[in-house]
Amino acid sequence: MREILAGAVATFALIPEVIAFSVTAGVDPSVGLYSSFVISVVIALFGGRPAMISAAAGSVALVVAPLVRDHGIQYLFAAGLLAGMFQMLFGFARLSALMRYVSNSVRTGFVNALAVLIFAAQLPHILNAGAIGYAVIAAGLAIIYLVPRLTTRIPAPLICVVVLTALCSALNIAVPRIADLGQLPDGLPIFAWPNVPINLELLNIIFLPALAIAMVGLLESLMTAGVVDDQTGTPSNKDAEARGLGLANVATSLFGGIAGCGMIGQTVSNVKYGGRGRLSTLAAGGILLILMVALKGVVAQVPVAALVAIMIMVSIDTFDWGSLRRLRGTPLLSNLVMLVTVAVTILSHNLSLGVLVGVLMSGVFFAAKVARMQSVRRDGDSYVVEGQIFFASADAFIDAFDPLNHQGPVTIDLSRAQLWDITALAAVEKVRDRFARNGLAVTVVGMNTASGLAVPKVP
């Protein structure tokens, strides 16, 4: 029973956000709700992190919005299908270990950019709300932030929806309602292959969006799984989670839903109220569908302004405000990685591109830092090398040797150095060649075991 109740709490926290995310993606609320039901059921059975809630998410909605706008909803389904296949391949290839290469600066930039984009997606509704709309939004924010001071038994976003819907209906306040945004579910989702032509033009249209959906979904899901690992003190199978997410997105795309991923807020709520197993995730999906079908008429009357208030709250809570306070105490290059990740993501509206640029920058900065951890000390006709020799430090290694001012044979001691790649081996050969052109024999000694495994030993 505890698992079912925890899943119910997660469902109540899920409904308003899923509808809002659907609007952000440019699709009917039914698309996001169907998606959340299908994803919850599939991920409960095949995911690698019990108690995690996955559904239609804001990060994916932001990625697919341009695709829906330019090509239509059927291409959304096709892209979700391809994205799910990418994610399954990711899981079967056991590539979840690659997530360790996403630095904390990149993750912070990703989260902050996501928060900014979620807020930006609400601007059209905010700017066109009018005086009454502004009042409803303000009332919604007041409820969301003040109610938790009185009780946390019922999620504040749900109270916001119920109270504002009741007030607007009772007072006949003229504001846009969910019914004005599109169709709500009226039954079970129906299997249907995406109605798109199967040709190279289709692949050209959906390949990059599908790749972006896959990468963003994996990043957010695996990050959410890590949060649950920490909160419950239990491990999870990240590769199984990737496979389960891919299967869930394939399934939801074949049942008229938008691709999704792990949802941090709803997952935390589930765990907070006692969810620990797969039953809580399954319950969240089942209860969601029951509520949508049974209470369709009520849900249709929810003011759009209430959803806008919820999404403003989501963007505020998503943003890592502590990262701003840490700017002064964090290394400059780490700050630069975070800020560039945010900037690229916002300017391109592409979360995966921002992460890619951030990871590349982190790699370059790390390589540059390690490359400086090298020294070549001369003692007569002998050289002692210390530190890391690889592609980024090879040139400095070569330039550290003087092939002219020597009286006899030269010895190069690598016992305190580490050669990591073929570029390092080539650098050693270049040094030997330079001495040889000046008539000096060179003996290389001290190639340690680790370097011997990385490259062939130099005689």
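Anything mentioned here points back to the structure above.
Here the residue numbers are simple positions, counted from 1 along each chain's written sequence. In keeping with the predicted nature of the model, local features appear solely for residues at pLDDT of at least 70, side-chain atom pairs appear and are counted solely at 80 or more, and the whole-chain, interface and lining totals rest on all residues. Each side-chain value is derived from all of the structure's non-hydrogen atoms; neither hydrogens nor water enter the calculation.

Trainee: Give a detailed account of the pattern of salt bridges, specifying residues and quantitative values.
Mentor: The salt bridge definition used is simple: a Lys or Arg side-chain nitrogen within 4 Å of an Asp or Glu carboxyl oxygen. Inspection of every chain in the model, using the stated rule, returns eight salt bridges. We note a salt bridge from D229 to R49, for which the minimum N-O separation is 2.6 Å. Here D229, found in helix α8 (residues 200-232), pairs with R49, found in the loop between α2 (29-46) and β1 (54-55); they are 180 residues apart in sequence, far enough to count as distant. In this structure D229 comes out as buried when scored by relative accessible area, which is 13%. For the salt bridge of D70 with R69, the shortest nitrogen-to-oxygen distance reads 3.3 Å. Comparing D70 with R69, the two get one shared label, exposed. A run of H or I in DSSP counts as a helix once it spans at least four residues, and a run of E counts as a strand once it spans at least two, with each numbered from the N terminus. A 1.4 Å probe rolled over the protein chains alone gives each residue an accessible area, and that area as a share of the maximum for its type sets the label: buried under 20%, exposed over 50%, partly exposed in between.

Trainee: Describe the sheet that holds strand β5 (residues 410-419), and please don't skip the residues or the numbers.
Mentor: The strands making up a sheet are joined through hydrogen bonds of the backbone, oriented either antiparallel or parallel. Reading across the sheet, the four strands line up as β3-β4-β5-β6 and stay open at both edges, with mixed pairing between neighbours. Only two strands of the sheet have a single neighbouring strand rather than two, namely β3 (374-379) and β6 (442-445). Neighbour to neighbour, the strand axes of the sheet diverge by 15° on average, direction disregarded. We treat two strands as partners when DSSP finds at least two bridges between them. In terms of strand pairing, β3 meets strand β4 (residues 382-389) through six bridges, oriented antiparallel. The residue of β4 that forms the bridge with R378 is Y383. The strands touched by helix α18 (residues 422-437) within the sheet are β4, β5 and β6, with β5 carrying the most contacts at an inclination of about 170°. Helix axes are fitted only over the stretch in contact, all axes being lines through C-alpha atoms; the angle between N-to-C directions runs from 0 to 180 degrees. Only heavy atoms matter for contacts: two residues are in contact if any of them lie within 4.5 Å across the pair.

Trainee: Account for the packing of helix α7 (residues 156-170) against helix α13 (residues 304-318), naming residues and giving values.
Mentor: Running from N to C, α7 and α13 point in directions that differ by 160°, and their axes come no closer than 9 Å. Put simply, α7 runs roughly antiparallel to α13. The interaxial crossing formed by α7 with α13 has right-handed handedness. Touching P157, C160, V161 and L164 of α7 are A306, I310 and M313, all from α13. The scheme is simple: roughly parallel for angles under 35 degrees, roughly antiparallel for over 145, roughly perpendicular for 65 to 115, oblique for anything else. Handedness of a crossing is defined here by the sense of rotation of the near helix relative to the far one, left-handed for an anticlockwise turn of less than a right angle and right-handed for a clockwise turn.

Trainee: Give me the pairing of β6: which residues, what numbers.
Mentor: Burial of β6 is one-sided: the residues V442 and V444 facing one way are buried, the residues T443 and V445 facing the other way are not. With respect to chirality, the unit in which β5 leads through α18 into the neighbouring parallel β6 is right-handed. Crossovers are described as right-handed under a simple rule: with the strands pointing away from the observer, the path leading from the first strand over the helix to the second runs clockwise.

Trainee: An account of the state of the cysteines is requested, with residue identities and associated values reported.
Mentor: Only a pair of cysteine sulfur atoms within 2.5 Å counts as a disulfide in this structure description. This structure, assessed with the given rule, holds zero disulfides. Not engaged in a disulfide, the cysteine C168 finds its nearest cysteine sulfur in C160; these two sulfurs lie 9.9 Å apart.

Trainee: Describe the side chain of D239, and please don't skip the residues or the numbers.
Mentor: Along the chain, the position of D239 falls in helix α9 (residues 238-254). Just so you know, the count uses Lys and Arg for positive and Asp and Glu for negative, and it drops His and the chain ends. Notably, D239 is buried but unbridged: the nearest opposite-charge side chain belongs to R94, and the N-O separation is 4.2 Å. In protein, a polar contact requires one atom able to donate a hydrogen and another able to accept it; more generally it is a pair of N or O atoms within 3.5 Å, and residues adjacent in sequence count only if both atoms are side-chain atoms. Polar contacts involving the side chain of D239 include one to the main-chain amide nitrogen of L95, which spans 3.5 Å. The residues touching D239, leaving out its near neighbours within four places in the chain, are G91, R94, L95 and S96.

Trainee: Let's hear about a nonpolar patch on the surface: which residues, and what values?
Mentor: A cluster of nonpolar residues, L200, L203, F207, L208, L211 and M215, forms a patch on the protein surface that exposes about 570 Å² of accessible area. Checked against the element boundaries, L203 lands in helix α8. On the basis of relative accessibility, which here comes to 41%, the residue L203 falls in the partly exposed class. Nonpolar side chains (Val, Leu, Ile, Met, Phe, Trp, Tyr) within 5 Å and like charges within 9 Å form the patches, drawn only from residues with over 30% relative accessible area and no salt bridge. A 1.4 Å probe and the Shrake-Rupley method give the accessible areas. Residues count as covered only by the protein chains that appear here.

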